[in-house]
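Given next are the chains, with one letter for each unit.
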Protein chains: 2
Amino acid sequence: MAGTDGRTTGARYRRLAADLREAIASGAFGSDGRLPSEEQLAQQYGVSRGTVRQALSVLRANGLVTSRRGTRRVVLGTARTQSFMELMSFTLWARSLGEEPGGRTIDITRCTANPLEREQLGLAPGAEIYRVLRLRTLSRVPIMIERTIYVEHVGAMIAGLEPEAISHIEPLTEQGVVFADAEHTVDLVYADAEDAELLGCEEGAPLMRERRRATDPAGTPLEWSEDRYLPGTVSFTVHNSVASTALSRRRA
Amino acid sequence: MAGTDGRTTGARYRRLAADLREAIASGAFGSDGRLPSEEQLAQQYGVSRGTVRQALSVLRANGLVTSRRGTRRVVLGTARTQSFMELMSFTLWARSLGEEPGGRTIDITRCTANPLEREQLGLAPGAEIYRVLRLRTLSRVPIMIERTIYVEHVGAMIAGLEPEAISHIEPLTEQGVVFADAEHTVDLVYADAEDAELLGCEEGAPLMRERRRATDPAGTPLEWSEDRYLPGTVSFTVHNSVASTALSRRRA
DNA sequence: GTGCTGAAGTTGGCTGTACAACTTCAGCCA
DNA sequence: TGGCTGAAGTTGTACAGCCAACTTCAGCAC
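Bear in mind the structure is a predicted one, so any value in this text is a computation, not a measurement. (Residues numbered from 1 in each chain as written. Chains lettered and ligands numbered in written order. Predicted model: local features only at pLDDT ≥ 70, side-chain atom pairs only at ≥ 80, totals over all residues. Heavy atoms only, no water.)

J.: Would you explain the protein's contact with DNA strand D in this entry?
T.: In the neighbourhood of DNA strand D, 22 residues make up the surrounding shell, with Arg12 and Thr51 of chain A together with Arg53, Thr71 and Arg72 of chain B lying closest. Here glycine 70 of chain B contributes a backbone N or O atom positioned 3.0 Å from a base nitrogen of DNA strand D. Contact between DNA strand D and arginine 73 of chain B: a phosphate oxygen at 3.0 Å from a side-chain N or O atom of the residue. Sorting the residues of the surface near DNA strand D by element identifies α1 (12–25) and α3 (49–61) of chain A together with α3 (49–61) of chain B as the ones contributing at least two each. Classifying every residue of the surface near DNA strand D gives three nonpolar, eight polar and eleven charged. (Near = heavy atom within 4 Å. Polar contact = N/O pair within 3.5 Å; in protein donor to acceptor, adjacent residues only side chain to side chain. Helix = DSSP H or I, 4+ residues; strand = E, 2+ residues; numbered from the N terminus. Nonpolar A, V, L, I, M, F, W, Y, C, P; charged D, E, K, R; others polar.)

Set out below in structure tokens:
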């Protein structure tokens, strides 16, 4: 809880957003959930109305408050949306749940990217990539199988890690690799022989699949991953509104 | 394509965003995909830099462009994110794909909400709701089964429609019901007897489930729906970034 | 009581300004 | 060649102000 909340660094509007998020979670805005007016918040926190609006737009995008011309904002929910990194990193996510994350690297190889992989990572013919296969556990129970391909310079860092390393993304971050954007696609697939063996299910059993393409701040792809979860272990939730939608339903 | 693009009404930043979206889709920013600076766009369109930034933040949230201090923005992708209403309305969505949407209302009843339903819609004990069960088809092929509960005054409108009505949401919109926010949760479930009969699959077969809670601009819940899709018919895609994340992974 | 009207309150939209933080790149120096 | 430095360019953050659009509600007329 005290990781991102109550922060003392960074932009003012972000600190303010964190403050307000905490206030909402603690039920500080009464039973009707009406927030103070932007002007009142501005005076209260000693910032301009513009800064307040910036902070509130963050909460709005996260589905925490409404916004509607003519009336004060009201609390929509206290839904704790995870940070971007908690979504990228299985390890971070597990820890935020209070569970013990585990990982076993089954295989990691360096090879030339095939056409499909080149397209996913935006690479030129002949480019080298790393393929990584890992089994992920939560409190020692197998949950998910992760097939990731990394761009060469990132994969090289991964290859330098111990096979027992629980988190792959944390070391990357420490070495200056920055993940900035990702596109996630969720659908349903059936376990192949490898999935079945590693996850301990039957071949052909249904699995939830999350495919993810992540890029750095410049828009350069860094990794492309296909994760397969055992049924009943996770679900994915997304909030959207007329004001902002990053969600889409696709025909398979 | 020409539904939301090239608009001539609404806020300036929205029109500008639509313009820029179109320009990106048509590849107007060259092979490197570098956008003009905010200042240049402001002069070009005769608006202030603030308005340009508002427009660009929309594209940013949709994953169309990067944004990074110090450098110009670059095109990330042309991913067509759907409008909020296309996500809410199966009918609108199907039409945007060029497919023929169909719907058959199996059952619609008015009754007293049980505790679970009351919680979902934020109702007081004894409140009345409408339960609607529908089978949805795409080009006459069964795709999805939809179990929706509506708040009383909305359900009453639904109940007044013909059983053959393809779209339920469009009539609601015409009668002034406004959907503003929604929270979607995607996971995997197994078909019960009813699912199996209606969708033509076997009992116990895996299905993709999307649960959705939608509210009006004031934050009042309007509907709560549980949709079950046959495997291989749809997938859900969401873009997120360090700047904005409305997505979260939940432990089941 | 019912319904209308208008004032007050609130958020949305747009402009302008200023500075901070960061990236890029040319040019210089060793 | 290699690396450093500094200037120019660009986006991020914050402030202040103005008006429009909308909601709410008290007060009034009927």
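J.: Looking at this structure, I do not really get the sheet that holds strand β1 (residues 101–112) of chain A. What am I missing?
T.: Where strands meet in a sheet, backbone hydrogen bonds hold them as pairs that are either parallel or antiparallel. Pairing is antiparallel across the open sheet formed by eight strands, whose spatial order is β1(A)-β2(A)-β3(A)-β6(A)-β5(A)-β4(A)-β7(B)-β8(A). Only two strands of the sheet have a single partner each, and these edge strands are β1 and β8 (247–251) of chain A. The sheet shows a mean angle of 20° between the axes of neighbouring strands, direction not considered. As judged from the eleven bridges shared by β1 of chain A and strand β2 (residues 128–138) of chain A, these two strands associate in the antiparallel manner. Looking at β2 of chain A, one finds that glycine 103 of chain A is bridged to arginine 136 of chain A. The sheet contacts of helix α7 (residues 152–159) of chain A involve β1, β2, β3 (141–151) and β6 (221–229) of chain A, and relative to β3 of chain A the element is tilted by about 135°. (Pairing = 2+ DSSP bridges. Axes fitted to C-alpha atoms, helices over the stretch in contact; angles between N-to-C directions. Contact = heavy atoms within 4.5 Å.)

J.: Honestly, the relation of the copies chain B and chain A in this entry has me stumped. Any pointers?
T.: Both copies of the chain are related by one operation, a rotation about an axis with a shift along it. Once turned by 180° and shifted 0.0 Å along the axis, chain B lies on chain A with an RMSD of 0.1 Å. With respect to symmetry, the two chain copies, as superposed, fit the operation of a two-fold axis. Scanning chain B for the C-alpha nearest the rotation axis identifies proline 206 of chain B, at a separation of 3.2 Å. (Least-squares fit on C-alpha atoms with pLDDT ≥ 70 in both.)

J.: What's the story with the side chain of arginine 136 of chain B in this structure? I'm lost.
T.: Among the secondary structure elements, arginine 136 of chain B is positioned in strand β2 (residues 128–138). A distance of 3.4 Å separates polar atoms of two side chains, one belonging to arginine 136 of chain B and the other to glutamate 146 of chain B.

J.: What's the story with the UniProt feature "domain: HTH gntR-type" (unreviewed entry) in chain A in this structure? I'm lost.
T.: Following the UniProt record, one finds the feature "domain: HTH gntR-type" (unreviewed entry) at residues 10–78 of chain A. As a span, residues 10–78 of chain A carries 51% helix and 0% strand, and end to end its C-alpha atoms are 23 Å apart. (UniProt positions renumbered as here; feature names shortened; annotations may be inferred.)

J.: What am I meant to see in the pattern of salt bridges here?
T.: A pair can form between side chains of opposite charge whenever their charged atoms are brought close. Overall, the coordinates contain 46 salt bridges over all chains when judged by the stated rule. The closest approach of N and O atoms between arginine 147 of chain A and aspartate 192 of chain A, which form a salt bridge, is 3.7 Å. Here the residue arginine 147 of chain A occupies a position in strand β3, and aspartate 192 of chain A occupies one in the loop between β4 (181–190) and α9 (193–199), the gap between them amounting to 45 residues. Overall, arginine 147 of chain A belongs to the partly exposed group, its relative accessible area being 21%. For the salt bridge of arginine 73 of chain B with glutamate 38 of chain B, the shortest nitrogen-to-oxygen distance reads 3.0 Å. One end of the pair, arginine 73 of chain B, is in the loop between α3 and α4 (84–88); the other, glutamate 38 of chain B, is in helix α2 (residues 38–45), with 35 residues separating them in the sequence. We note that arginine 73 of chain B, like glutamate 38 of chain B, is buried. A single network of salt bridges, built from pairs that share partners, joins Arg147, Asp187, Asp192, Glu194, Asp195, Arg209, Arg211, Glu226 and Arg228 of chain A. (Salt bridge = Lys/Arg side-chain N within 4 Å of Asp/Glu carboxyl O. Buried < 20%, exposed > 50% of the residue type's maximum accessible area, 1.4 Å probe, protein only.)

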